[in-house]
Protein chains: 2
Amino acid sequence: MTATAELVTEVGYADTSIGAVAARAGVGKDTIYRRWSGKAELVYEAVFTQTEAAPAPDTGSLTGDLTALLEALIQEFSTPAAAAALPGLLADFAADPELQVRIRSDFLTPAKDGLVPVFERSVQRGEANPGLPVDLVLDTLAGAVFFHVALVGEQPGPGLATQLAAIVGRGIETR
Amino acid sequence: MTATAELVTEVGYADTSIGAVAARAGVGKDTIYRRWSGKAELVYEAVFTQTEAAPAPDTGSLTGDLTALLEALIQEFSTPAAAAALPGLLADFAADPELQVRIRSDFLTPAKDGLVPVFERSVQRGEANPGLPVDLVLDTLAGAVFFHVALVGEQPGPGLATQLAAIVGRGIETR
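Residues numbered from 1 in each chain as written. Chains lettered and ligands numbered in written order. Predicted model: local features only at pLDDT ≥ 70, side-chain atom pairs only at ≥ 80, totals over all residues. Heavy atoms only, no water.

Looking up chain A in an unreviewed UniProt entry gives the name AcrR family transcriptional regulator, with the organism given as Streptomyces collinus.

Spelled out as structure tokens, the structure:
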């Protein structure tokens, strides 16, 4: 994982190879292929699933929970390794339906499941409706951060998480 | 433009080359290079700037205007050429800061400027505050559609534009 993240940061996603990762980690290529199907899956796990273990904190309000969630997401998307890997990685995912299905079931679904408590708590507080399209809300948060930070090339200002949480939080609140 | 869109759809972004576009269009490569800096800029213009000329319609409400905007965006992101081009194109943009700056000033900024009336009208109707972070709202809409349709691989259902417009529209309304 460390060898992969370092290599992506140094040479970029396109020039990272399984062979170079193996050499840096001091293992054989077959050792890597026993656990990962290829470069995209290896890089994805090295760059993005390190920090997802922590459950989303209960801050007492939907907007507060979303702000905390977005701060973690912005931090994750802004690391040198993630910034170097993300666009090439997304292109590989989109071009390979099999890989897309595997990433979705192995990583995205568990990550989203971990966020369900945020929305359950907001329903219990009476802030949001039970019928919320949770998947779409999460795609909205992640897509907004990706477009704003990785694609449009904006530096994520200190107010970004708060602004986005305010927009989306108010958008899904009951009235 | 037609040759480019056809080729991307048939062989994918990675295998599209300026040479192949030139051959299909019956012109020399230098004719293409006189107008476009390279593949990314050519494909971007062929795939995305065909339908942006029409101004966003005034439907009488912020949510209605956003729904119309999102329907156009979803349609644009879902064409065979756009679906084939988008991920590879985004990877090329993100890897090339110079290209990113040029695309931003030549295409994104005018496209966003064209959408400013939607938010101006909503301020005039008393629906939204004048201080709205318009850029962030637009990145949110585009990012949500990109993540949901192109990346996660969801088919855009008929309710997608309405659901997203409801979330973002309510999120930016004054109370």
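### Considering the overall build of chain A
A count of helical and extended segments in chain A gives nine helices and zero strands. Across chain A, helices and strands are ordered from the amino to the carboxyl terminus as α-α-α-α-α-α-α-α-α. Its C-alpha atoms give chain A principal-axis dimensions of roughly 55 × 30 × 25 Å. Per-residue burial for chain A yields a buried fraction of 49% across its 175 residues. Taking the intrachain contacts of chain A between residues at least 6 apart in sequence as the baseline, contacts between residues at least 24 apart amount to 69%. Here chain A displays about 7800 Å² of accessible surface, and carbon together with sulfur accounts for 55% of that area. Here chain A contributes 12 positively and 22 negatively charged side chains, and the mean placements of these two sets differ by 2 Å. (Helix = DSSP H or I, 4+ residues; strand = E, 2+ residues; numbered from the N terminus. Buried < 20%, exposed > 50% of the residue type's maximum accessible area, 1.4 Å probe, protein only. Contact = heavy atoms within 4.5 Å. Areas by Shrake-Rupley, 256 points an atom, 1.4 Å probe, with all protein chains shown as cover. Lys, Arg positive; Asp, Glu negative; His and termini not counted. Charge placed at Lys NZ, Arg CZ, Asp CG, Glu CD.)

### Digging into the relation of the copies chain A and chain B
When chain A is brought onto chain B, the operation consists of a screw motion whose angular component is 180° and whose axial shift is 0.0 Å, with 0.0 Å RMSD remaining. Between the two chains, the operation in question is that of a two-fold axis. (Least-squares fit on C-alpha atoms with pLDDT ≥ 70 in both.)

### Describing the interface of chain A and chain B
Every contact between the two is made by 37 residues of chain A and, on the other side, 37 residues of chain B. On inspection of chain A and its partner chain B, the count reaches zero salt bridges. In this assembly, chain A and chain B are joined by two residue pairs in polar contact (both at pLDDT 80 or more). Listing elements by their share of the side of chain A that touches chain B, those giving two or more residues are α6 (80–95), α7 (97–124), α8 (134–151) and α9 (160–172) of chain A. In terms of residue count, the dominant contributor to the side of chain A that touches chain B is α8 of chain A (12 residues). Grouping the amino acids of the side of chain A that touches chain B by side-chain chemistry returns 22 nonpolar, nine polar and six charged. (Salt bridge = Lys/Arg side-chain N within 4 Å of Asp/Glu carboxyl O. Polar contact = N/O pair within 3.5 Å; in protein donor to acceptor, adjacent residues only side chain to side chain. Nonpolar A, V, L, I, M, F, W, Y, C, P; charged D, E, K, R; others polar.)

### Here we look at the environment of Ala91 of chain A
Within the element layout of this structure, Ala91 of chain A appears in helix α6. Taking C-alpha positions, Ala91 of chain A is 9.7 Å from Ala40 of chain A, a pair spaced 51 residues apart along the chain. Once residues lying within four places of it in the same chain are set aside, the contact partners of Ala91 of chain A are Pro87, Gly88 and Ala91 of chain B.

### Digging into the pattern of salt bridges
All names here are of chain A. Considering all chains together, one arrives at 18 salt bridges over all chains under this definition. Residue Arg35 is joined to Glu45 by a salt bridge in which the shortest nitrogen-to-oxygen separation is 3.6 Å. Residue Arg35 is found in helix α3 (residues 29–35), and its partner Glu45 is found in helix α4 (residues 39–48); the two are separated by 10 residues along the sequence. Residue classification places Arg35 among the exposed positions, given a relative accessible area of 59%. A cluster of three or more residues bridged by salt bridges with shared partners is formed by Asp58, Asp65, Arg121, Arg125 and Glu127.

### Concerning the packing of aromatic side chains
Within the structure shown, the criterion is met by 11 aromatic pairs over all chains. On the basis of an interplanar angle of 20° and a centroid distance of 5.7 Å, the ring pair of Phe146 of chain A and Phe146 of chain B is categorised as stacked. In this pair, Phe146 of chain A is assigned in helix α8 and Phe146 of chain B in helix α8 (residues 134–151), connecting two distinct chains. Linked through ring pairs, Tyr44, Phe48, Phe77 and Phe93 of chain A together constitute an aromatic cluster. Residue placement shows Lys39 of chain A over the ring face of Tyr13 of chain A; its charged tip is 4.3 Å from the ring centre. (Phe/Tyr/Trp six-rings, centres within 6.5 Å; stacked < 30°, edge-to-face > 60°. Lys NZ or Arg CZ within 6 Å of the ring centre and 35° of its normal.)

### A word on α6 of chain A
Residue and element names in this part refer to chain A. For α6, built from 16 residues, the straight-helix expectation of 22 Å at 1.5 Å per residue is met to within 8% by its first-to-last C-alpha distance of 24 Å. At Leu86, α6 shows its largest kink, close to 40°, and the proline Pro87 lies no more than four residues downstream. Inspection of α6 places Ala81, Ala82, Ala85, Leu86, Pro87, Gly88, Leu89, Leu90, Ala91 and Phe93 among the buried residues, and these make up the whole buried set. (Expected span 1.5 Å × (residues − 1). Bend = angle between axes of the 7 residues up to and from the residue.)

### Concerning the UniProt feature "DNA-binding region" (unreviewed entry) in chain A
What UniProt calls "DNA-binding region" (unreviewed entry) maps, in this numbering, to residues 17–36 of chain A. Counted over residues 17–36 of chain A, helix gives 75% and strand 0%. Its end C-alpha atoms are 13 Å apart. (UniProt positions renumbered as here; feature names shortened; annotations may be inferred.)

### Topic: the environment of Asp58 of chain B
All names here are of chain B. Tracing the backbone shows Asp58 in the loop between α4 (39–48) and α5 (62–78). Along the backbone, Asp58 and Asp113 are 55 residues apart, and their C-alpha atoms lie at a distance of 16 Å. Residues contacting Asp58, with those up to four places away along its chain left out, are Asp65, Arg121 and Arg125. There is a polar contact of 3.0 Å between the side chain of Asp58 and the backbone nitrogen of Gly60. In this structure the side chain of Asp58 is engaged in a polar contact, spanning 2.8 Å, whose partner is the side chain of Arg125.

### What to know about the packing of helix α1 (residues 2–11) of chain A against α6 of chain A
The geometry of a pair of packed helices is captured by two quantities: the angle between their axes and the separation between those axes. All names here are of chain A. Contact pair α1 / α6: the axes reach a minimum separation of 8 Å and the direction vectors enclose 75°. Taken together, the axis directions place α1 and α6 in an arrangement best described as roughly perpendicular. Contacts between α1 and α6 involve Ala5, Val8 and Thr9 from the former and Pro80, Ala81, Ala84 and Ala85 from the latter. A class-by-class count of the residues in the contact of α1 with α6 yields six nonpolar, one polar and no charged. (Axes fitted to C-alpha atoms, helices over the stretch in contact; angles between N-to-C directions. Parallel < 35°, antiparallel > 145°, perpendicular 65-115°, else oblique.)

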